[in-house]
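Breakdown of the fold
Below, each chain spelled out in residue letters.
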Amino acid sequence: MRIGIDLGGSHVGVGLVEEDGKILVKKEYNLLVKEKQRVQEVIIDKIVQFVNEILDENHHILENMKQIGIASPGTVKDGKLYHLVNLNIDEFDITEKLNEYFNIPIKICNDAKCAAIAENLYGSMKSYEDHIFLTIGTGIGGAAFYNHQMLVPKQNPGFEFGHMIIQKDGNVCKCGKQGCFESYCSIKALKKQVTSYLQLEPDISGKELRKLIEENIQDPGLDEILERYVEYLSIGLSNLINIFEPQAIGIGGSFAHYEELLLERLKERLYRKDLLFNKNDVVEIRLATLQNDAGIIGAAML
Ligand SMILES: [Zn+2]
C-alpha cells in the first residue's frame, strides 16, 4: 500500500493506492484565495490531516505504507520544489517538512511525469513499450519511455518538451526563451487566441469555450486558428517522433476536453507524413485514460 499526493495550482489531493495502481480512497481540498498568503503551511497541514485520516479510517498504520509520493507542478530537484507560479512559491522544501511527521520514504516528481508514469503502468500507454506521454494544459510537460522504463537524466529532470523551440524569434515563453513549443501549443495558448478572436472574457471556462468554438466552427478565422494550432502541434510531435521513435504518443491534460475539435485534425496532419523521417510506421496517438487520478497514482508509484 502506498500514499499518493497530487499538488495542483489550487488544490491538494491525497489518496491511498494499492500495489496494482487502484486508488482505494481519496481526499481533496481546494485552496482558498486568502490561504495563498501562508500556502506552504496550509499545504503541509492538509497533507498531514488527510494522510492521518485516511490511515485511521481504513485501519492502516503508516509503517505499512511503502512510501509517500508527491506530484507537483513547477521544477522538482533534490526533494525540493521551485517556481510554483500558481501557488506563489519560489522554493519549498516539502520533503523536509513532511519528514517531521512521516518517517517513511518520501519521493517527489513533476506532475506531468507522474501522470506519464501512471499512464505507462495502468492507462493509455500500458500496451506500448516505447512511448512518449505529454500533458498539454497550461503548459506542456511529459516523459519518454523505452521498454516501459522512464528515461531519467542525472543532471536535471530533463524532457522539457514544452520548451523545445519550434519557431525562430517566436512568441516569448514564460521560461524567457522565444518560440517554445508550449507558447504555441499549450491549451492556454490556444485559449488566448480563440478568446481574443471571438472577443470573449479571458477567464471563460474551458467548457463554455469549447461550446462557442463548436458553434462557430464554420467561421474561417476560427478554422485558421485551429489549423495553425494543429500545424505547430504536428511540428512538435514530429520532432519527438523523429528523435525517440515511439510506438505511441499519449496526450493528457485539458487537451482531452477538445478531443472532437483537435484529435482527428492532428492525426490527419501528422499522418500526411511530410514531417516524419520514417514514413512507413504509424505512431499511435492516444488520449489519457486515468484523467484526474493520474497524478496521485503516478506519485504513489515513484
Ligand atoms: Zn519556454
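Let me begin by describing the structure that accompanies this report. Source: prediction; values computed, not measured.

With that settled, consider the sheet that holds strand 7 (residues 89-92). One key point about sheets: their strands pair by backbone hydrogen bonds, in either a parallel or an antiparallel sense. Strand order across the open sheet formed by 3 strands is 5-6-7, with antiparallel pairing between neighbours. Every interior strand has two partners, whereas the edge strands, strand 5 (75-77) and strand 7, have only one. Here the strands of the sheet are splayed against their neighbours by 10° on average, with no regard to which way each runs. For strand 6 (residues 80-84) and strand 7, the ladder comprises 3 bridges, and the chain directions are antiparallel. In the sheet register, L84 faces strand 7, and the bridge partner there is I89.

Following the criterion strictly, the structure yields 16 salt bridges and no others. Among the ionic pairs, K211 bridges to E215, the shortest N-O distance being 3.6 Å. Taken together, the residues span about one helical turn, with K211 and E215 both in helix 6 (residues 206-215) at a distance of 4 residues. Take K211: its relative accessible area is 52%, and that puts it in the exposed class.

Right, let's get into the environment of K77. Relative to the assigned elements, K77 resides in strand 5. Distance from K77 to E284, taken between C-alpha atoms, is 32 Å for residues 207 residues apart in sequence. Sequence-distant contacts of K77, that is, excluding residues within four places in its chain, are made with Y82, Q155 and N156.

Moving on to the nonpolar core. Counting 42 residues, the largest nonpolar core has L134, I136, Y229, L233, I249, F255 and L262 as the members making the most contacts within it. At 11 residues, the largest contribution of residues to this core is made by helix 7 (residues 220-244). Those residues in contact with L262, other than ones at most four positions away along the chain, are L190, L226, Y229, V230 and F255. Core analysis: the next-biggest nonpolar cluster, separate from the first, contains 34 residues, L16, V48, I68 and I104 among them.

The rules behind the values
- Residues numbered from 1 in each chain as written.
- Predicted model: local features only at pLDDT ≥ 70, side-chain atom pairs only at ≥ 80, totals over all residues.
- Heavy atoms only, no water.
- Pairing = 2+ DSSP bridges.
- Helix = DSSP H or I, 4+ residues; strand = E, 2+ residues; numbered from the N terminus.
- Axes fitted to C-alpha atoms, helices over the stretch in contact; angles between N-to-C directions.
- Salt bridge = Lys/Arg side-chain N within 4 Å of Asp/Glu carboxyl O.
- Buried < 20%, exposed > 50% of the residue type's maximum accessible area, 1.4 Å probe, protein only.
- Contact = heavy atoms within 4.5 Å.
- Core = buried A, V, L, I, M, F, W, Y, C linked by side-chain atoms within 4.5 Å.

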